[in-house]
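The primary structure of each chain is shown beneath.
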Amino acid sequence: MTTDTLIAMSETPMHTRAADSHDVIRVRGAREHNLRDVDVDLPKRRLTVFTGVSGSGKSSLVFGTIAAESQRMINETYSAFVQGFMPSQARPDVDVLEGLTTAIIVDQERMGANSRSTVGTATDANTMLRILFSRIGDPSIGSPQAFSFNVASISGAGAVTIERGGQSTKERRSFSITGGMCPRCEGMGTVNDIDRSQLYDATKSLNQGALTIPGYTPDGWGVRIFTGSGFLDADKPIQDYTERELHDFLHKEPVKVKVGDINMTYEGLIPKVQKSFLSKDREAMQPHIRAFVDRAVTFTTCPACEGTRLSEGARSSRIAGRNIAELCAMQISDLAAWTRALDEPSVRPLLTVLQETLDSFVAIGLGYLSLDRTTGTLSGGEAQRTKMIRHLGSSLTDVTYVFDEPTVGLHPHDIQRMNELLLRLRDKGNTVLVVEHKPETITIADHVVDLGPGAGTGGGQVTFQGSVDGLRASDTLTGRHFDDRAALKPALRRPTGVIEIRGADRHNLQGVDVDVPLGVLVVVTGVAGSGKSSLIHGSVAGRPGVVTVDQSPIRGSRRSNPATYTGLLEPIRKAFAKANGVKPALFSSNSAGACPNCNGAGVVFTDLGVMASVSTVCEVCEGRRFDASVLEYQLGERDISEVLAMSVTEAEAFFADGPARTPAAHLILARLVDVGLGYVSLGQPLTTLSGGERQRLKLATQMADSGDVYILDEPTTGLHLADVENLLGLLDRLVDSGKSVIVIEHHQAVMAHADWIVDLGPGAGHDGGRLVFTGTPAALVADRSTLTGEHLARYIGS
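Residues numbered from 1 in each chain as written. Predicted model: local features only at pLDDT ≥ 70, side-chain atom pairs only at ≥ 80, totals over all residues. Heavy atoms only, no water.

Draft legend 1. Representation of the overall build of the chain in the model. When helices and strands are tallied, the chain shows 29 helices and 25 strands. With the C-alpha coordinates aligned to their principal axes, the bounding extent of the chain is approximately 85 × 80 × 80 Å. The 798 residues of the chain split such that 50% are buried. Considering only residue pairs separated by 6 or more positions, the chain has 66% of its internal contacts joining residues 24 or more positions apart. Summed over its atoms, the accessible surface of the chain is roughly 36,100 Å², and 50% of this surface lies on carbon and sulfur atoms. The averaged location of the 93 negative side-chain charges in the chain is 4 Å from the averaged location of its 79 positive side-chain charges. (Helix = DSSP H or I, 4+ residues; strand = E, 2+ residues; numbered from the N terminus. Buried < 20%, exposed > 50% of the residue type's maximum accessible area, 1.4 Å probe, protein only. Contact = heavy atoms within 4.5 Å. Areas by Shrake-Rupley, 256 points an atom, 1.4 Å probe, with all protein chains shown as cover. Lys, Arg positive; Asp, Glu negative; His and termini not counted. Charge placed at Lys NZ, Arg CZ, Asp CG, Glu CD.)

So, in structure tokens, the structure goes:
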């Protein structure tokens, strides 16, 4: 190429340059999960919203294909050595992906459940405060780590050998590290007392199953390390242990032992329980683990640090009359005001960055949080918005931001602020991809992609792409329901009694007195942070006869599926065993009936080192997971693999009558149909279910718990406009069957459908926590004295 040619190219008008033609992300032949050869062009530097019923393939396209491939390609730019420490990712099942940019995923995954992780540590606000105190705190006590509750103070001294000039000389050296950790509680803020009677039955021996801790079975490794360590007599009742044996059993320091042919670390039962159960935040524990911890452990505020986690030295240093513990306990909106009033020229750059971070919290609707709030207690929506903080002030452009329902947990009043933040990211020159169901956010889109027409195998196709006006006019399910508005009910149910709440003062509640009606559908609402969950979970949940369906995520591996999670597989296995005269364990792919080649996984994984592992369908069982001999046993002319391949609707009919009639299985299947999961197959891995599908699966499971009062925490999460109608029908059936239903919810359709509303506010944090309205939806609309009343009136067109 000549110099003249290069000069001519440089003088070409800007709009005709080849680099400017890459203005779309091209997807061709996407087949991830249930996608059916999806082709789509997404405009760059625009806001694109993906809609469709839950399970239609939105997340598979956005997260499983576009974002996953972007991250995989970035990972491949690192050296093989670095890749060895990173999670390996297989290439998504897609023919062509062009025009990708760096993807930043902001999803609803809960943040780290470690109780040492707080809002301040997760967003670096705590780090900036620690630097601030190390610079201008009075008295000065040391470096930033002197204010960290995760760093202990240690010191030591001894002789060291130094090689100098061919000679060795010994010198005495000492060192000390000043940390901010409270020595009494080790930076946890609480001290615990473990009830030994809840850990073991002293009348039994280890071989007789003395340990009563979840997961500690006599044949499991948790117990085998005790029985095979050589320190204890496995056949002796614990009550007969000598003082030495009891110490080795409960408190022995970690020591290497050999159990069989395996080298393991032995330590006492109490430190083992503390490490495995008490290092996580209580709210993030699985329900049965949480029940054990509540039963066995008593937590009290640390008397030394008064719950601040910090040492006396860290608490002694002050700026403008405040120590770092007091600042971290302040509501962030108040902390932002305190920082703004601080005039310290020597640390002005640091204060500017800290101020921007705190202002971002307020702008995103999280000003009611405090920096010392543990991340495990945040809801999915709060966790997602907390992750957004670090991106709002970013100087990066031409980045693809991927959001998963950013309006989850937001009151209609807060959604407008979230929309402004999404538009701000777009206007900085970024591509913004949003999976969303709320019409208020769909409306601001530059481009809309609607997937469907149904869910699961009935979805996975692009039914519409274009403008918002085009979506409204389309004949898709989303288009038909886009402008749906629920009307107030003409007839309301009469309460059969009340739950009295008096003087509720948990978290930010300010002595709330309210009567919650029974026998009706009650909706508790208010802006995010107003105290809804504090009121209901603190004053109603835990009472006899109360069943709570909270927002905690479903946990499960690829081997978990709707049949195992709901307990459906148990009656099915027993029915197969009874019909064929064999043991039930044969009909579990995780037990005796598993295919020996793939161990019941259905696929065989090949480890390729630093490259992504490759999974191939097992050649022996052809993906059916079971040994061939097991598939010879049938129930109603179907083998176990064929039953697990059925949809919920098909299985409900199969187990309803005839030779396969199984009432216990039919009852569980009927509940799954009730919550709109009729299209899901019984053996579909939980890892492939969408967020909305998981929420409804949990709802169907917990509906089986016997109770008179049901508490549902934001059940519309992940639900399409059309699915909300089905949910309202389910709530009606629950109430009509004699139950009382209390729903914590922001969705106006649920509010309009309520018999009674409890509205908290008027604001969030210390600006909330008060009862601002209680009565019927019609009275709330007529009153219009609260933010909820204004938005509900606008929603129903009043």
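Draft legend 2. Quick peek at the environment of R559. By the secondary structure assignment, R559 is in the loop between β19 (546–549) and α20 (562–565). By relative accessible area, R559 is classed as partly exposed at 29%. Spatially, the C-alpha atom of R559 lies 39 Å from that of L425, the residues being 134 residues apart in sequence. Discounting residues that sit within four places of it in the chain, R559 has contacts with T564, S589, N590, C598, N599, G600, A601 and R625. There is a polar contact of 2.9 Å between the side chain of R559 and the side chain of N590. (Polar contact = N/O pair within 3.5 Å; in protein donor to acceptor, adjacent residues only side chain to side chain.)

Draft legend 3. View of the nonpolar core. Ranked by size, the top nonpolar core spans 65 residues in total, and within it I572, I640, F655 and L682 carry the most contacts. Element by element, the count of residues in this core is highest for helix α26 (residues 721–736), at seven residues. Not counting the four nearest positions on each side in its chain, F655 is found in contact with I572, L635, V643, A660, R661, T662, A665, H666 and L669. The next biggest cluster of nonpolar side chains, apart from the first, holds 64 residues, and it includes L129, V347, V434 and I444. (Core = buried A, V, L, I, M, F, W, Y, C linked by side-chain atoms within 4.5 Å.)

Draft legend 4. Summary view of a nonpolar patch on the surface. Together, Y78, F81, V82 and F85 make up an exposed nonpolar region whose accessible area comes to about 470 Å². Mapped onto the secondary structure, F85 falls in the loop between α3 (80–83) and β4 (96–98). (Patch = residues over 30% accessible without salt bridge, like charges linked within 9 Å, V, L, I, M, F, W, Y side chains within 5 Å. Salt bridge = Lys/Arg side-chain N within 4 Å of Asp/Glu carboxyl O.)

Draft legend 5. The arrangement of helix α24 (residues 663–674) in detail. The terminal C-alpha atoms of α24 lie 16 Å apart, and with 12 residues this matches the ideal 16 Å at 1.5 Å per residue to within 8%. Along α24, the positions that sit buried rather than exposed are A665, I668, L669, R671 and L672. Buried residues of α24, seen end-on, are gathered within an arc of 155° and therefore sit on one face of the element. The first or second residue beyond α24 is G676, which carries a positive phi of 85°. (Expected span 1.5 Å × (residues − 1). Arc of directions from axis to C-beta.)

Draft legend 6. Quick look at the packing of helix α5 (residues 125–136) against helix α13 (residues 348–363). Relative orientation of the contacting elements α5 and α13 amounts to 150°, with a least axis distance of 10 Å. In terms of axis orientation, α5 runs roughly antiparallel to α13. The handedness of the crossing between α5 and α13 is left-handed. Counting all contacts with α5, which are made through A125, M128, L129, I131 and L132, the residues of α13 involved are L350, L351, V353, L354 and T357. Residue composition of the contact of α5 with α13, by class: nine nonpolar, one polar and no charged. (Axes fitted to C-alpha atoms, helices over the stretch in contact; angles between N-to-C directions. Parallel < 35°, antiparallel > 145°, perpendicular 65-115°, else oblique. Left-handed = near helix turned anticlockwise from the far one by under 90°. Nonpolar A, V, L, I, M, F, W, Y, C, P; charged D, E, K, R; others polar.)

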